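Breakdown of the fold
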Amino acid sequence: MKPEYKHLQAAHCENGVTTSLLQHYGVHQITEPLAFGIGSGLFFIYIPFMKVNDGPAISFRTMPGMIFKRTCRSLAIPILRKKFSSKENARQALDNRLESGHPAACQVGVFYLPYFPKEYRFHFNAHNLIVVGKEADNYLISDPIMETITTMTSYELDRVRFARGPLAPRGQLYFPKEERVVTNEQMKQAIITGIKRNVRHMLYAPGNIAGISGIRYTAKKIKKWRDTLGLERSRSYLAQLVRMQEEIGTGGGGFRFIYAAFLQQAYTYHPVDELMDISNQFTKAGDLWRDAAIQASGIYKGRLTEQQDYNVMGDYLLDIAELEKKAFKQLAETVKKLR
Amino acid sequence: MKKEDIPQDPSALHNVTKEVSYAVDENGNYVTELSTGWDVKIKALDVAWSDIEKKLADAKQKVLNNEASPLLYFMELKLMDIQILSAYTRFWKWQVKRHLKPRVFEKLSAKKLQRYATAFDVTVEALKNVNLNETGV
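From a predicted model like this one, the values you see are computed outputs, not experimental measurements.

Notes on the nonpolar core
Core analysis: the biggest nonpolar cluster contains 111 residues, and A105, V131, I258, Y259, A296 and I320 of chain A have the highest contact counts within it. Not counting residues within four places of it along the chain, the set of residues in contact with Y259 of chain A comprises F36, G37, L42 and F282 of chain A. Formed by 20 residues, the second largest nonpolar core is a distinct cluster that contains V63, A68, I84 and F120 of chain B.

Here's the deal with the domain arrangement of chain A
Looking at chain A, the domain boundaries give domain 1 (13-30 + 79-176) and domain 2 (184-335). Computed from C-alpha coordinates alone, the two centres of domain 1 of chain A and domain 2 of chain A are separated by 29 Å.

Here's the deal with the interface of chain B and chain A
With 30 residues of chain B at the contact, the number on the chain A side is 41 residues. Among the elements of the structure, β1 (19-24), α1 (39-64) and α3 (82-89) of chain B are those that each provide at least two residues to the side of chain B that touches chain A. No other element matches α1 of chain B, which puts nine residues into the side of chain B that touches chain A. Of the residues belonging to the side of chain B that touches chain A, the class tally is 21 nonpolar, four polar and five charged.

A few points about the packing of helix α7 (residues 211-246) of chain A against α1 of chain B
In a pair of packed helices, the angle between the axes and the distance between the axes together describe the arrangement. One can describe the packing of α7 of chain A onto α1 of chain B by two numbers: an axis separation of 9 Å at closest approach and a directional angle of 130°. Between α7 of chain A and α1 of chain B, the crossing angle belongs to the class labelled oblique. Along this stretch, α7 of chain A crosses α1 of chain B, giving a crossing that reads as left-handed. Of the residues in α1 of chain B, those touching α7 of chain A at R235, S236, A239, Q240, V242, R243 and E246 of chain A are V40, K41, A44, L45, V47, A48 and D51 of chain B. Grouping the amino acids of the contact of α7 of chain A with α1 of chain B by side-chain chemistry returns seven nonpolar, two polar and five charged.

Digging into the sheet that holds strand β3 (residues 79-82) of chain A
The strands making up a sheet associate through backbone hydrogen bonding, with each pair oriented either parallel or antiparallel. All names here are of chain A. Pairing is antiparallel across the open sheet formed by six strands, whose spatial order is β3-β8-β4-β5-β6-β7. Both edges of this open sheet fall to β3 and β7 (150-153), since each of them pairs with a single strand only. Averaged over all adjacent pairs, the angle separating strand axes in this sheet is 35°, with direction ignored. Inspection of the sheet shows strand β4 (residues 104-108) paired to strand β5 (residues 127-135) by five bridges, in the antiparallel sense. Bridge pairing links A104 to V131 in β5. Each of β4, β5, β6 (138-142) and β8 (173-176) touches helix α1 (residues 13-24); the most contacted strand, β5, lies at about 45° to it. Running over the sheet, helix α5 (residues 154-161) touches β4, β6 and β7 and is turned about 90° from β7.

Some words on the domain arrangement of chain B
For chain B, the domain assignment lists domain 1 (3-37) and domain 2 (49-128). Placing a centre on the C-alpha atoms of domain 1 of chain B and another on those of domain 2 of chain B gives a separation of 40 Å.

Some words on the environment of K188 of chain A
Residues and elements named next belong to chain A. Among the secondary structure elements, K188 is positioned in helix α6 (residues 184-204). Judged by the 15 C-beta atoms lying within 10 Å of it, K188 is partly exposed. Separated by 51 residues in the primary sequence, K188 and A239 place their C-alpha atoms 39 Å from one another.

About the criteria used
Residues numbered from 1 in each chain as written. Chains lettered and ligands numbered in written order. Predicted model: local features only at pLDDT ≥ 70, side-chain atom pairs only at ≥ 80, totals over all residues. Core = buried A, V, L, I, M, F, W, Y, C linked by C-beta atoms within 7 Å. Buried ≥ 20, exposed ≤ 12 C-beta atoms within 10 Å, placed from the backbone. Contact = placed C-beta atoms within 7 Å. Domains from an automatic or database assignment. Helix = DSSP H or I, 4+ residues; strand = E, 2+ residues; numbered from the N terminus. Nonpolar A, V, L, I, M, F, W, Y, C, P; charged D, E, K, R; others polar. Axes fitted to C-alpha atoms, helices over the stretch in contact; angles between N-to-C directions. Parallel < 35°, antiparallel > 145°, perpendicular 65-115°, else oblique. Left-handed = near helix turned anticlockwise from the far one by under 90°. Pairing = 2+ DSSP bridges.

As structure tokens, this is what we get:
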């Protein structure tokens, strides 16, 4: 079983899986930025009552699984997603799919992923990859983070599919049910839906910990970290913020660059000049996030230790919040003009 | 970010993969480029690992002082917390907390120990006779 499969490397695993699978199933227009934008991937949230690896729970993107779901729904592509209670059933379902000559995506945990370097193996359970074939006991894996197709034994694959803990994948398998041709008109409408939803999430998310107000909330928190957490822990907290923002999977600048790329590609479907202008604003936002990361690194490298340095860091986030608010407000106006 | 500004610092991904970065070219159009890493986030990852090493050293000391059972050491070694360990072993969280006490741990049945050994990917022998004075259990 070795179907023809064109491996695609992407910045983010779920974007990559979505793009790669949809291309395989006949949607030739789809790209990583388009999948990200149609799936309304851009977000910000800081969950104060949750801890991840003893640090703050911060995310720059929408919930795992949503990008694939929304993009497929917007393009009217039927999907199948299934969880399993036993490893045997999970393996059988995957094998059946492969035998019929089709690839399938799996949600997996990173901790036991054999081809990942040890430094990156944390208990993070929302990684995505595509199984494209099987040779004897080896599964052929198209992991969007990797440059080429890799392999895993059935034991190794079982283990990552049944990783446990928060967001446990429970063998989760998903794929588009059938090949579909998507028209450019459908793409245009999907782009509009994706933008509108993203505007809503960033500007009008309830509470003060998500969207633009979440960025402001985090800014205020950071300014207090030095006093409330002490120097050592606040360094760890800032390092975690930077990892969530920049580590493999974000395309840089906490996904802001991918979103800017999405708006440029949206322009080819909707030639409205404002889209290019707003794209530039998101590039600026991404650049500012990266400047903030450099400031943070000054702190966690131990070079910057004063309260003033934390204030500067917090102010970066306030500036970013202002910039993104303006960009999304403008985007909300512009999207009304799109047809 | 401009294409020529994409950092190319040597990271732990070296020899494994390069990551896709999005940046604008000289005409302002978005392109993708592979990056080997960025010093700023390499340092952030270093901070995370030095935190882990510190916690591991603390755990080791607690086990040596008989303030905690060897489970604590293995839990930190495998980057787990009580929630994750409870999910892997199917024990309740309060049970895991109890088992972290040396006295309770000593009386654990072979069956229960096996559940921990499986979760940590070690043998029951290694769990019981962990020699913390040696490196790399």
